[in-house]
Amino acid sequence: MNLIHRAPLVRLLLPFIAGISAAIYMEEYSFWLKVLMAVLFSSIATFTFHKKSGANYRFRWLYGMTLSSLLFLAAYQITLDNTTKFRSSYFGNYISGSDFCLVKIEEPLVEKEKSIKMIGSVISTRQNKSWKSTSGKALFYLPKNELSAKLKYGDLVLVKNNFSEINTPQNPSEFDYKKYLALHTIYLQNHISAGNFISTGINKGNFIRAAAIRTQAYCLAVLKKYNVQGQEFAVTSALILGYKNDIDTETTSDYAAGGVLHVLSVSGLHVGIIFVVFNYLLFFLEKFRYGNFIKGIFLLAMLWFYAMLTGLSPSVLRASTMLSFVVIANAFHRNSLIYNTLAASAFLLLAINPHLIAEVGFQLSYLAVLGIVSIFPWIYRLWKTKYWLLDKIWSIVAVSFAAQFITFPLSMFYFHQFPNYFLVSNVVVIPLATLSIYAGILLFITGKLAFIAGFLSKILIFLIGGLNYFVKEIRFTPYSLTQGISINATETWIIYFGLFFMLMYIFRKKLNYLFIALGIFILLLTIQVFEQKSEQNQSRFIVYNVAKTSACDFIVGKNNFLIADTAFLNNPNEISLHITPNWFEKGILSHTLIGADTGGNYIQKNFFLKNKCIQFRTKKIIFVNEKINLPKKIIFQKLKVDYVIISHNPKTNLKTICQIYDFKKIIFDASNSKWQIEKWLKECNEQGIEAYSVVHSGAYEETI
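So, a few notes on the structure that sits alongside this text. (Residues numbered from 1 in each chain as written. Predicted model: local features only at pLDDT ≥ 70, side-chain atom pairs only at ≥ 80, totals over all residues. Heavy atoms only, no water.)

**Some words on the side chain of Q77**
Part 1 of the reasoning: Mapped onto the elements of the fold, Q77 is located in helix α5 (residues 60-81).
Part 2 of the reasoning: For Q77, a relative accessible area of 6% translates into the label buried.
Part 3 of the reasoning: Not counting the four nearest positions on each side in its chain, Q77 is found in contact with Y29, L33, K34 and M37. (Helix = DSSP H or I, 4+ residues; strand = E, 2+ residues; numbered from the N terminus. Buried < 20%, exposed > 50% of the residue type's maximum accessible area, 1.4 Å probe, protein only. Contact = heavy atoms within 4.5 Å.)

Right, here's the structure in full:
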């Protein structure tokens with residue numbers, strides 16, 4: 001029987017997902033939506049209870065279309081109902097004129113470099129000395145002090161109303177944090193200064209979530225108590241508990257280059273490890289009456305106990321829910337197709353929180369599991385061995401390849417890289433990570449028994465140390481990582497269509513599927529050829545908006561010259577955050593970094609730099625970052641330039657600049673103070689000078 005007919009829940013899930021996606025990107029309410037849903041529901045009821053079964057069978061395609069349409073509209077409506085800004089009680093509708101808000105802390109607080117980040121629900125706002133019950137979450141930044149240090153999940157806090165819109169990306173291709181928060185139904189932020197918030201001393205947190213957070217905090221304390229420190233502590237807490245606050249960029253880069261970054265994000269892999277081991281250890285229960293049922297209870301208990309250890313993190317909740325469906329199906333001898341079970345868990349999760357569909361973790365988790373259950377058996381059967389160790393190594397290779405095969409297009413779309421040695425890495429990392437998880441859980445259980453816990457901590461430190469050493473060696477192995485990959489959403493879909501027809505050819509052995517797959521990949525290559533040609537011919541001039549920093553980029557083909565403050569150039573994290581995404585998008589392969597405050601001369605094709613003057617193709621650019629004095633001798637002819645870039649608050653007035661330079665546009669970069677830029681902009685407006693402020697309008701970009 002055809003797989004799609006054996007998995008009806010998969011067929012029903014597809015229009016449900018389509019409805020959610022449409023609601024997220026369209027966000028339009030309509031009264032007629034509910035009317036149409038009522039009509040469709042009535043039609044389905046008519047189809048279902050019609051006595052002429054022969055007629056029903058004859059028009060079964062119409063029944064299917066009606067049911068799919070109803071699911072699409074239902075998902076659309078559920079998504080809008082879960083979007084807080086559409087509710088009449090949304091606090092954003094009432095903050096105008098209000099002075100204080102009562103906020104419930106919804107997540108554990110996160111310590112940042114200069115502040116404390118807090119996500120909270122605004123449950124009430126005060127207007128004209130009366131309180132209005134509200135709903136909706138917001139992002140808060142609190143000052144670091146004794147009061148904020150005492151706050152915890154569930155606390156009610158009184159804060160001063162200082163809400164503002166979350167900034168859109170200020171640089172080309174920069175991560176859209178506003179869109180990311182919107183997908184989590186957060187639309188406003190509040191920067192709170194000292195003295196503008198008060199703890200009420202009341203806690204309204206969910207007791208289960210609070211217990212989970214306390215459990216995670218206890219486990220972290222156990223690690224510190226038994227001298228698990230430094231990067232061993234950071235990796236252990238991320239690997240076992242999903243606590244990633246101490247992971248630095250260097251370690252993240254090591255694991256990403258090895259293709260094993262997934263081990264630092266507690267998810268399906270970790271929950272699966274717990275499930276597989278205990279499923280194996282409890283095999284003897286199957287011999288007893290009701291054994292499967294008892295075994296299922298134990299497995300569910302272990303899955304959700306581990307979820308408690310991780311503080312009930314969203315990724316673990318997803319994985320635990322997914323596997324719980326599998327356990328329940330097995331316990332009741334419902335050996336349904338695994339695709340139906342996965343679809344059922346996805347239905348439940350998306351019905352509760354439709355916005356999960358937009359989360360990268362949700363997408364990668366389900367795709368990885370889908371790849372494992374569909375492709376792994378075929379790969380594993382390609383080679384057989386009678387040796388136990390070789391068989392286990394081959395099974396890890398097969399699982400890794402299956403998961404990577406189905407997720408690599410999405411990974412390239414989001415992360416712009418591909419780990420070339422992922423098969424080698426996973427053969428070593430997965431066993432080490434598995435042993436580390438077991439050792440860590442045993443350490444937490446025996447934390448009060450100093451002798452046993454001390455011994456287990458040494459084993460754990462040894463395992464994590466070996467893990468860190470291995471991934472670092474992989475990272476610095478030549479050609480370990482292909483970076484700078486840039487594919488858009490359309491190209492990602494094209495790749496998936498090609499992979500689908502390739503798999504259809506492998507499983508069905510029909511040449512038509514192979515020809516379709518080849519045609520799709522030829523189309524993809526054609527698109528890439530045109531993109532490469534466009535990138536080879538590109539010529540762009542960009543002034544980035546990076547707070548308190550001067551940063552200008554000159555892009556020629558696949559090369560670029562970045563002129564920026566030396567402190568910024570020495571901070572790879574800042575470059576990765578603000579500029580690297582644009583390099584990926586533009587296909588830049590070669591970078592020349594030039595310190596703006598160190599001087600120097602550069603003579604390259606299409607790019608000439610001397611002192612603070614630049615000739616870029618046909619454009620002349622001058623940097624002004626210090627006081628300019630008019631020369632004593634009279635200047636008979638002004639210096640003609642196209643752009644004057646003002647940086648670092650030079651003590652020079654515009655009149656002097658206009659007397660020296662004949663320019664088309666003046667650009668104020670982000671290294672200047674905002675109040676000074678506003679003063680200059682006012683002068684430019686009065687004198688009819690064309691001006692641009694990256695602080696106010698975002699990065700300046702021009703094709704030359």
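On we go from here.
**Points about the packing of aromatic side chains**
Part 1 of the reasoning: Counted by the stated rule, this structure contains 29 aromatic pairs.
Part 2 of the reasoning: On the basis of an interplanar angle of 15 degrees and a centroid distance of 5.3 Å, the ring pair of F541 and F554 is categorised as stacked. Here F541, found in strand β12 (residues 539-543), pairs with F554, found in strand β13 (residues 551-556); they are 13 residues apart in sequence, far enough to count as distant. In terms of burial, F541 and F554 fall into one category: buried.
Part 3 of the reasoning: Aromatic side chains F668 and W680 sit 5.2 Å apart centroid to centroid with 15 degrees between the ring planes, which places their arrangement in the stacked category. (Phe/Tyr/Trp six-rings, centres within 6.5 Å; stacked < 30°, edge-to-face > 60°.)

**Considerations on helix α18 (residues 450-475)**
At 3.6 residues per turn, the α-helix brings residues three or four places apart onto the same side.
Part 1 of the reasoning: When the terminal C-alpha atoms of α18 are compared, their 37 Å separation across 26 residues agrees well with the 38 Å that a helix rising 1.5 Å per residue should span.
Part 2 of the reasoning: Buried within α18 we find A453, G454, L456, S457, L460, L463, I464, L467, N468, F470, V471 and I474.
Part 3 of the reasoning: Tucked inside the fold, the buried residues of α18 contact α8 (207-225), α9 (230-241), α10 (249-257) and α17 (422-445). (Expected span 1.5 Å × (residues − 1).)

**Considerations on the sheet that holds strand β25 (residues 700-703)**
Part 1 of the reasoning: Taken in spatial order, the five strands of this open sheet run β15-β14-β13-β12-β25, and their pairing is mixed. Both edges of this open sheet fall to β15 (590-595) and β25, since each of them pairs with a single strand only. If you compare each strand with its neighbour and ignore which way they point, the axes differ by 15 degrees on average.
Part 2 of the reasoning: The pairing of β12 with β13 spans five bridges and is classified as antiparallel. Looking across to β13, one finds that S539 is bridged to V556. (Pairing = 2+ DSSP bridges. Axes fitted to C-alpha atoms, helices over the stretch in contact; angles between N-to-C directions.)

**Concerning unusual backbone geometry**
Part 1 of the reasoning: Phi is positive for S173, close to 65 degrees, though the residue is something other than glycine.
Part 2 of the reasoning: A residue is classified by how much of its surface remains accessible, and S173, at 35% relative accessible area, is partly exposed.
Part 3 of the reasoning: Residues other than glycine seldom take positive phi values, yet N606 does so here, at roughly 70 degrees.
Part 4 of the reasoning: Inspection of the secondary structure puts N606 in the loop between β16 (602-604) and β17 (607-610).

**Description of the pattern of salt bridges**
Part 1 of the reasoning: Counted under the stated rule, the structure contains 14 salt bridges.
Part 2 of the reasoning: The closest approach of N and O atoms between R475 and D254, which form a salt bridge, is 2.8 Å. With a gap of 221 residues between them, R475 in helix α18 and D254 in helix α10 connect regions that are remote in the sequence.
Part 3 of the reasoning: K665 is the partner of E690 in a salt bridge, and the nearest nitrogen-oxygen pair spans 3.3 Å. With E690 in the loop between α25 (674-687) and β24 (691-693) and K665 in strand β23 (residues 665-668), the pair connects residues that are 25 residues apart, well separated along the chain.
Part 4 of the reasoning: Residue class for E690 comes out partly exposed when judged on its relative accessible area of 46%. (Salt bridge = Lys/Arg side-chain N within 4 Å of Asp/Glu carboxyl O.)

**Focus on a nonpolar patch on the surface**
Part 1 of the reasoning: A cluster of nonpolar side chains, Y290, F293, I294, I297, F298, I328 and F332, forms an exposed patch at the surface whose accessible area comes to about 710 Å².
Part 2 of the reasoning: Take the nonpolar patch: its biggest share by element is four residues, from helix α12 (residues 291-309).
Part 3 of the reasoning: Tracing the sequence through the fold places Y290 in the loop between α11 (268-281) and α12. (Patch = residues over 30% accessible without salt bridge, like charges linked within 9 Å, V, L, I, M, F, W, Y side chains within 5 Å. Areas by Shrake-Rupley, 256 points an atom, 1.4 Å probe, with all protein chains shown as cover.)

**Some points on the packing of helix α13 (residues 314-331) against helix α14 (residues 338-352)**
Part 1 of the reasoning: Relative to each other, α13 and α14 sit at 135 degrees, their axes nearing to 9 Å. Overall, the two elements α13 and α14 adopt an arrangement that is oblique. In terms of crossing hand, the pair formed by α13 and α14 is right-handed. In contact with R318, T321, M322, F325 and V326 of α13, α14 contributes I338, T341, L342, A344, S345, L348 and L349.
Part 2 of the reasoning: Of the residues belonging to the contact of α13 with α14, the class tally is eight nonpolar, three polar and one charged. (Parallel < 35°, antiparallel > 145°, perpendicular 65-115°, else oblique. Left-handed = near helix turned anticlockwise from the far one by under 90°. Nonpolar A, V, L, I, M, F, W, Y, C, P; charged D, E, K, R; others polar.)

**Observations concerning the environment of F541**
Part 1 of the reasoning: A relative accessible area of 0% means that F541 is categorised as buried.
Part 2 of the reasoning: For the pair F541 and T703, spaced 162 residues apart in sequence, the C-alpha separation works out to 6.4 Å.
Part 3 of the reasoning: Ignoring sequence-local partners within four residues, the contact set of F541 consists of D553, F554, F616, I621, Y643, I645, I667, Y700, E701, E702 and I704.

**Let's talk about the pairing of strand β19 (residues 619-624)**
Part 1 of the reasoning: Burial analysis of β19 places five of its six residues in the buried class, the great majority of the element.
Part 2 of the reasoning: Sheet topology note: the strand β18 (residues 613-616)/β19 ladder contains four bridges and is antiparallel. Bridging from a neighbouring strand, F616 pairs with K619 of β19.
Part 3 of the reasoning: In this sheet, strand β21 (residues 643-646) lies alongside β19 in parallel orientation, the contact comprising four bridges. Note on β21: the bridge partner recorded for I622 is V644.

**Re the pairing of strand β8 (residues 186-191)**
Part 1 of the reasoning: With respect to burial, β8 is a largely interior element, five of its six residues being buried.
Part 2 of the reasoning: Inspection of the sheet shows strand β5 (residues 137-142) paired to β8 by four bridges, in the parallel sense. Residue pairing for β8: L139 is matched across the bridge by Q189.
Part 3 of the reasoning: For strand β7 (residues 163-165) and β8, the ladder comprises three bridges, and the chain directions are antiparallel.

**Here we look at the sheet that holds β16**
Part 1 of the reasoning: Within the open sheet, the seven strands sit side by side as β16-β17-β18-β19-β21-β23-β24. Their pairing is mixed. Unpaired on one side and paired on the other, β16 and β24 mark the two borders of the sheet. With strand direction ignored, the average angle separating the axes of adjacent strands in the sheet is 15 degrees.
Part 2 of the reasoning: Looking at chain direction, β23 and β24 are connected through three bridges and run parallel. Directly across from F668, in β24, lies its bridge partner S693.
Part 3 of the reasoning: Across the sheet, α25 touches β21, β23 and β24, and the angle it forms with β23 is around 165 degrees.

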